[in-house]
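Structural features, examined
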Amino acid sequence: TLLVKRGRAFHLSDKPVKSDSELYNEAKRSVRSKQKGVFFGTSAATYLSRSSSRSLSTTAAAVASSSSLLQSSSSSGKKSLRLASGERCAPHERLLVLGSGVAGCAAALTAARHGVPVTVLHAGSVKEDCNSYWAQGGVIYRNYRLKEKDGSEKLVDTPLSLVNDIRIASGYRGALQRNTPLEECHYDASLLLNDPTSSKMGQICSTAGVNWNEDAAWKLALEGPTRVRQLLLGPQDDGAGHTSTGCVVPFDRTTLPTAGPDDDNDGMGKESPEDNTVLSLCLEASHAAPRIIHHADCTGRAITESITRAAAAHPLIEFRGDSIATDLISDEHSDGMVIGAKVLDKNTNKIEAAYAVHGVVLASGGLGGIYEHSTNPGGFNALGSSVALALRLEERLNSSLPGESGITSDLEYVQFHPTSLCLPNEARFLLTEALRGEGAILRDASGRAFASDYHPSAELAPRDIVARAVFTESQKAAADGSDGHNAFLDMTHRDASWLRDRFPTIHSHLSSRDSPMDFTKEKIPVIPAAHYTCGGVTSDLSGRVHGSGGQVHRNLYVAGEAARTGLHGGNRLASTSLLEGLVFGSSVGELVAGVVSDDDAMEKREELIQTMEGARYAIERRLAVEEQSYTSDGDARPVDEKVGDEASALLARLKSVMWDGVGVVRTPSGLADASSELAAMKDEAEFIWDRAGGDWRAAAVRDAARSGLAVAEAASANDVSGGAHYVLHEEVRSEPVSDAALVGAAGGGFGSEDDEEEEALVAAVVL
Ligand SMILES: Cc1cc2nc3c(=O)[nH]c(=O)nc-3n(C[C@H](O)[C@H](O)[C@H](O)COP(=O)(O)OP(=O)(O)OC[C@H]3O[C@@H](n4cnc5c(N)ncnc54)[C@H](O)[C@@H]3O)c2cc1C
């Protein structure tokens with residue numbers, strides 16, 4: 001069946017119009033003849049980017065054909081998308097992705113590879129201005145077989161083992177529901193663990209206040225390696241239709257014990273049969289096996305530079321910098337379906353509508369930047385925009401129900417990284433987990449190693465426990481009235497030149513200060529800092545946003561740190577978030593393009609077509625009235641500098657309220673005080689915004705205040721400590737902790753009694 005509507009073709013049959021091999025050869029011919037800028041049709045493109053063994057691969061992107069058969073022309077220097085007939089493609093015939101980090105790029109590349117035009121908006125002036133850029137440690141790759149010298153193979157790691165590590169780190173204390181090993185594959189509805197609602201949320205279970213989604217972890221573990229190959233290790237063409245253009249991240253490599261023609265059966269990145277190097281895998285805290293690929297200690301930079309370059313080179317993707325989404329636009333005539341976003345141009349201070357028939361993806365990161373101590377970069381980063389945009393949408397639609405977690409969930413679980421560089425009047429700088437993985441020791445000012453007081457795994461204990469240990473020790477000096485700092489990271493026992501080679505970014509950061517520091521010779525002062533947002537905008541496993549009562553917000557998607565899928569539960573396993581961006585960003589791209597492979601595929605594609613048609617109708621109706629579009633140019637609007645300064649001052653106050661009241665260790669009274677201060681700040685921020693005339697600083701504090709209040713409210717509503725959310729109840733104001741307890745705590749296995757031990761240690765200092 002070929003449905004032609006408004007001049008665009010929708011292929012509604014599950015039977016391919018051409019055989020797989022015909023399609024493959026057609027696509028291959030186009031590549032070989034270097035036909036630049038010509039999009040060779042949905043089916044072939046889809047075929048090229050997916051495995052031919054998937055029967056739906058040739059037809060699944062049928063919906064994408066509404067915007068495919070496009071050519072790109074670049075005569076004006078700007079990308080302009082045209083239908084093959086020559087008709088210009090309207091600017092709103094696109095997917096709008098908010099964010100140029102790893103999640104935004106994964107969504108954009110995947111959607112574009114399936115024929116959907118994409119505009120990626122980012123708040124910074126360069127695409128690389130995002131958290132993703134600053135990732136140090138690496139990204140989880142895969143479970144692999146190691147070939148021994150005698151030819152035997154050793155299975156070093158499995159998806160099950162990774163799922164189990166994610167569970168342990170999450171703070172969820174129940175057992176796994178699926179204990180059977182599964183092979184790497186696309187995680188679809190057939191694999192879902194007993195999801196009675198079939199809402200694709202996955203199986204979310206709770207213990208000790210922590211919600212954890214085992215399905216999300218399986219999806220990450222099973223699909224992760226494919227997404228890494230598709231998005232970061234291309235170009236590849238394995239002859240089975242798997243290809244990936246443009247992005248080859250220069251991950252570190254290691255030499256194999258043996259070399260042979262069959263050694264790359266696990267996709268470890270051998271470049272030829274003779275090549276005896278493969279991707280180097282490192283071990284990080286709380287991982288059962290070495291499975292992290294990296295580029296020295298600046299993996300995020302290597303990934304971001306490569307993936308944004310690949311996305312920018314794609315004919316169907318355009319980037320727009322200095323563009324801040326301030327509100328989502330919904331259609332009041334169709335249940336609040338999202339049809340675009342209001343966008344503030346930082347250069348002109350103008351706010352204009354950006355419409356998008358294919359919907360909007362929130363890939364705008366987390367909210368670690370709203371804390372006084374944060375590892376997240378400055379500028380318009382990690383200010384809780386995704387949460388604020390979603391909450392404002394629901395408030396406008398008036399659809400939040402009292403007592404419902406609603407469009408955001410699990411916001412109390414803000415992960416604090418245990419070790420950021422703590423020097424007066426300097427921005428915090430992350431000292432990666434890998435340092436402790438490589439043997440760094442936490443010491444107090446007197447040189448005593450203190451981590452084992454808090455957990456038997458000492459420096460390698462879960463992040464939240466190490467963070468509380470460092471926080472508690474750093475508070476001790478303050479309690480003593482001493483000016484000195486009391487928590488340090490010590491690497492001086494390791495070989496100096498090895499350290500400089502392994503951690504070049506850290507070395508260069510420290511040595512390029514006005515008063516240079518040398519981490520090979522001296523202890524480094526550290527403090528925990530807000531690092532990662534485990535909660536976020538409530539999402540199912542395909543990236544659809546769910547609101548209060550579980551309804552899906554049509555045409556609104558979320559991916560990456562912005563999303564709460566339940567993957568991390570109450571705490572995140574190191575190095576999972578870059579992979580999360582790749583896996584869940586790709587899912588959104590596929591969903592938008594109509595690539596669905598379960599039993600209800602046809603129904604879903606029809607639903608998608610209807611949504612797009614509805615969105616197109618709503619947008620065209622609005623445009624007819626407004627006679628404007630986001631692309632219109634005009635004079636810059638003047639801003640009132642005084643109002644901008646007010647906004648900056650309010651943001652600074654807000655960050656300190658978040659740190660003091662909603663920080664590493666929380667108390668019910670501290671949370672109550674912080675909530676009422678933040679509620680007042682939210683009103684003040686809205687007042688500033690109304691007067692600001694498009695000043696980006698006002699947009700920043702407006703989002704930070706809205707999301708900060710949501711975090712404080714979520715934390716107040718959950719008085720059970722779990723994962724990264726730690727509430728100290730005032731009644732445990734402790735009896736003095738004996739030296740014996742301090743030292744002896746390390747001896748026992750840490751179960752719930754040991755939790756009490758840790759609580760007493762923390763309470764002795766903090767309360
Ligand atoms: C110092 C540091 C080290 C880390 N190390 C690791 C690691 O080793 N391994 C790992 O897996 N993870 C690591 N992480 C976490 C990981 O980097 C992030 O969780 C992940 O990169 C988030 O990706 P993202 O695409 O969701 O968001 P981001 O990369 O944060 O991108 C957000 C994008 O949204 C844009 N944006 C924000 N608000 C708006 C708005 N209102 N309108 C328009 N655009 C907007 C920003 O400009 C940016 O482009 C680290 C994080 C930090 C801070």
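Residues numbered from 1 in each chain as written. Predicted model: local features only at pLDDT ≥ 70, side-chain atom pairs only at ≥ 80, totals over all residues. Heavy atoms only, no water.

So, the state of the cysteines
Selection criterion: Only a pair of cysteine sulfur atoms within 2.5 Å counts as a disulfide in this structure description.
Under the counting rule described, the total for this entry stands at 0 disulfides. There is no disulfide at Cys 105, and the cysteine sulfur nearest it, in Cys 130, is 7.5 Å away.

A closer look at the confidence of the model for the chain
Basically, it comes down to this: The pLDDT value tells you how sure the predictor is about a given residue, anywhere from 0 up to 100. We call two residues in contact whenever any of their non-hydrogen atoms come within 4.5 Å of each other.
Across the chain, the average pLDDT comes to 81, with 75% of residues at 70 or higher. Here residues 1-24 scores under 50 on pLDDT; set against residues more than four positions off or in separate chains, the count is 58 contacts. The low-confidence segment residues 237-244 (pLDDT under 50) makes 27 contacts with residues lying over four places distant or belonging to another chain.

Description of the side chain of Ser 575
What counts, and what does not: Each helix is a run of H or I in the DSSP string that is no shorter than four residues. Each strand is a run of E no shorter than two, and both are numbered from the N terminus. Each residue's exposure class comes from its accessible area (1.4 Å probe, protein chains only) as a fraction of the maximum for that residue type: buried when under 20%, exposed when over 50%, partly exposed otherwise. Polar contact is the term for a pair of N or O atoms within 3.5 Å; when the atoms are in protein, one must be able to donate a hydrogen and the other to accept it, and sequence-neighboring residues count only if both atoms are side-chain atoms.
Positionally, Ser 575 belongs in the loop between strand E30 (563-564) and helix H13 (577-592). We classify Ser 575 as buried; its relative accessible area is 8%. Among the polar contacts made by the side chain of Ser 575, one reaches the side chain of Glu 284 at a distance of 3.0 Å. Contact partners of Ser 575, with chain neighbours within four places excluded, come to Gly 137, Gly 138, Val 139, Ile 140, Glu 284 and Ile 292.

Notes on the site of the ligand
Stated precisely, the cut-off is as follows: A molecule or strand has a residue near it when one of that residue's heavy atoms lies within 4 Å. All accessible areas in this document rest on Shrake-Rupley with a 1.4 Å probe, and a residue is counted as covered only by the protein chains that are shown.
With respect to spatial proximity, 39 residues lie near the ligand, and among them Ser 132, Gly 137, Gly 138, Glu 561 and Ser 577 are the closest. In the environment of the ligand, a nitrogen atom lies 2.8 Å from a nitrogen or oxygen atom belonging to the backbone of Gly 138. Contact with the protein chains covers 98% of the free accessible surface of the ligand, which is 1,000 Å².

Quick word on the sheet that holds strand E26 (residues 524-533)
Paired through their backbone hydrogen bonds, the strands of a sheet run either parallel or antiparallel. Just so we agree on the cut-off: Paired strands, as defined in this entry, are two strands with at least two bridges between them according to DSSP.
Spatially, E23-E22-E26-E25-E24 is the arrangement adopted by the 5 strands of the open sheet, whose pairing is antiparallel. Looking along the sheet, the strands with just one partner apiece sit at the ends: strand E23 (429-430) and strand E24 (441-443). Where strand E22 (residues 414-421) meets E23, 2 bridges bridge the pair, whose relative direction is antiparallel. Bridging across to E23, Ser 420 finds its partner in Leu 430.

Structural notes on the pattern of salt bridges
How we decide: The term salt bridge refers to a pairing of a side-chain nitrogen on Lys or Arg with a carboxyl oxygen on Asp or Glu at a separation within 4 Å.
Tallied over the entire structure, the rule returns 36 salt bridges. Across the pair Glu 93 and Arg 616 runs a salt bridge whose closest N-O atoms are separated by 2.7 Å. Of the two residues, Glu 93 sits in the loop between strand E4 (80-83) and strand E5 (95-98) while Arg 616 sits in helix H14 (residues 601-626), which places them 523 residues apart along the sequence. With a relative accessible area of 3%, Glu 93 lands in the buried category. Owing to a relative accessible area of 1%, Arg 616 belongs among the buried residues under this scheme. The salt bridge involving Asp 490 is made with Arg 443; its shortest N-O contact spans 2.7 Å. Here Asp 490, found in strand E25 (residues 488-490), pairs with Arg 443, found in strand E24; they are 47 residues apart in sequence, far enough to count as distant. Each member of the salt-bridge network shares a partner with another, and the members are Asp 327, Arg 392, Arg 396, Glu 686, Arg 702 and Asp 703.

Quick look at helix H17 (residues 696-717)
Defined as follows: Here the expected span of a helix is defined as 1.5 Å times the quantity of residues minus one.
For H17, which comprises 22 residues, the first-to-last C-alpha distance of 32 Å matches the rise-based estimate of 32 Å (1.5 Å per residue) to within 8%. H17 sits mainly inside the fold: 18 of its 22 residues count as buried. Where H17 begins, one side-chain oxygen reaches toward the backbone nitrogen of Arg 697, 2.8 Å away; that side chain belongs to Asp 695.

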